[in-house]
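# Reading the structure
Below are the chains, spelled out letter by letter.
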Amino acid sequence: MRDVLLSTLPNDLTGKRILDAGCGTGALSVELAKRGAQVVGIDISPALIDIAEKRCPRELRGLIEFKAGDMTANHGAFDHAIAMDSMIYYTPSDLATTLAEMGQRAQTIAFTVAPKTPLLMMMWRAGKLFPRGDKSPVMVPQSVAGLAHQMRDAKLPGTLKEVERVTSGFYISTALEYRP
């Protein structure tokens, strides 16, 4: 999926400022910096940011700034934003709100959602029947048409398009691109 998201961007990112929203351990941030981008990698987990900083190749450290915090906060203007598997827990209305906020600061946003497939919906509904012992967030399956409808209802300008679906073992995710 990282390669799919990267395919939405030019190969040469020299002089471009990119937001890696929900950067985790920084693997995508590193790939963006290798293409010449100035990267701001944000993750809610300070522990993951520590790992990202430790794993960042020395020669790229001047191109990447890792921060612990909210990816939707105002971190400045960006040419592009990428969010790999960091918005899979959002409801359609929360996702539309997040895209609206990020769209004010980025020219394009490539992101992933858990697709609304019959099998995934069956497992999701079955999971709702059982009490959970932890308080971790629950993935919310999305349909591209449903999200587009939500965005129209929220009067979001721009276009939303499906880029590609990736299925590998238990991993299934759909890459989308939003151009405000």
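Use the structure listed above.
All figures in this text were calculated on a predicted structure; none of them were measured in a lab.

## As for the environment of R17
Positionally, R17 belongs in strand β1 (residues 17–21). With 21 residues separating them along the chain, R17 and Q38 place their C-alpha atoms 4.8 Å apart. Contacts of R17, omitting those with residues within four sequence positions, involve Q38, V40, H75, G76, A77, F78, D79 and H80. Polar side-chain contacts of R17 include one of 3.2 Å to the backbone oxygen of H75. Engagement of the side chain of R17 in a polar contact is seen with the backbone oxygen of A77, the distance being 2.7 Å.

## Things to note about the sheet that holds strand β4 (residues 78–83)
Taken together, the seven strands give an open sheet; going across it, the order is β3-β2-β1-β4-β5-β7-β6, and neighbouring strands pair in mixed fashion. The sheet terminates laterally at β3 (64–68) and β6 (159–168), the two strands that pair on one side only. The sheet shows a mean angle of 15° between the axes of neighbouring strands, taken without regard to direction. On the sheet, helix α4 (residues 92–103) packs against β1, β4, β5 (106–113) and β7 (171–179) and is oriented at approximately 150° with respect to β5.

## Notes on the pairing of β1
Each regular strand displays side chains that alternate between the two surfaces of the sheet. Summarising burial for β1: four of the five residues are buried, a large majority. With five bridges connecting them, β1 and strand β2 (residues 38–43) associate as parallel partners. Note on β2: the bridge partner recorded for R17 is Q38. The parallel pair β1 and β2 is bridged by helix α2 (residues 27–34), and the resulting crossover is right-handed.

## A short note on the pairing of β7
Note: β5 against β7, five bridges, orientation antiparallel. Opposite F111, over in β7, you have L176 as the bridge partner.

## Re α2
What α2 keeps buried is the set L28, S29, V30, L32 and A33. Packed against the buried residues of α2 are α1 (2–6), β1, β2, β3 and β4. In the stretch just after α2, G36 is the one whose phi turns positive, near 100°.

## Here we look at unusual backbone geometry
The backbone of D85 shows a phi angle near 60°, a positive value even though the residue is not glycine. Among the secondary structure elements, D85 is positioned in the loop between β4 and α4. Non-glycine residue K155 carries a positive phi angle of around 55°. Inspection of the secondary structure puts K155 in the loop between α6 (144–153) and β6.

## Here's the deal with the nonpolar core
Residues L32, I64, F66 and I82 are the most contacted members of the largest nonpolar core, which totals 24 residues. Broken down by secondary-structure element, the contributors of at least two residues to this core are α1, α2, α3 (46–55) and β3. Ranked by size, the runner-up nonpolar core spans 22 residues in total, among them V40, M102, A106 and Y178.

## Let's talk about α4
Taking 1.5 Å per residue as the helical rise, α4 with its 12 residues ought to reach 16 Å, and the 16 Å between its terminal C-alpha atoms agrees with that figure. The complete set of buried residues in α4 reads L95, A96, T98, L99, M102 and G103. Down the axis of α4, the buried set is contained in an arc of 165°. They therefore lie on one face. Buried residues along α4 sit against β1, β4, β5, α6 and β7.

Basis of the calculations
Residues numbered from 1 in each chain as written. Predicted model: local features only at pLDDT ≥ 70, side-chain atom pairs only at ≥ 80, totals over all residues. Heavy atoms only, no water. Helix = DSSP H or I, 4+ residues; strand = E, 2+ residues; numbered from the N terminus. Contact = heavy atoms within 4.5 Å. Polar contact = N/O pair within 3.5 Å; in protein donor to acceptor, adjacent residues only side chain to side chain. Pairing = 2+ DSSP bridges. Axes fitted to C-alpha atoms, helices over the stretch in contact; angles between N-to-C directions. Buried < 20%, exposed > 50% of the residue type's maximum accessible area, 1.4 Å probe, protein only. Right-handed = clockwise from strand over helix to strand, strands pointing away. Core = buried A, V, L, I, M, F, W, Y, C linked by side-chain atoms within 4.5 Å. Expected span 1.5 Å × (residues − 1). Arc of directions from axis to C-beta.

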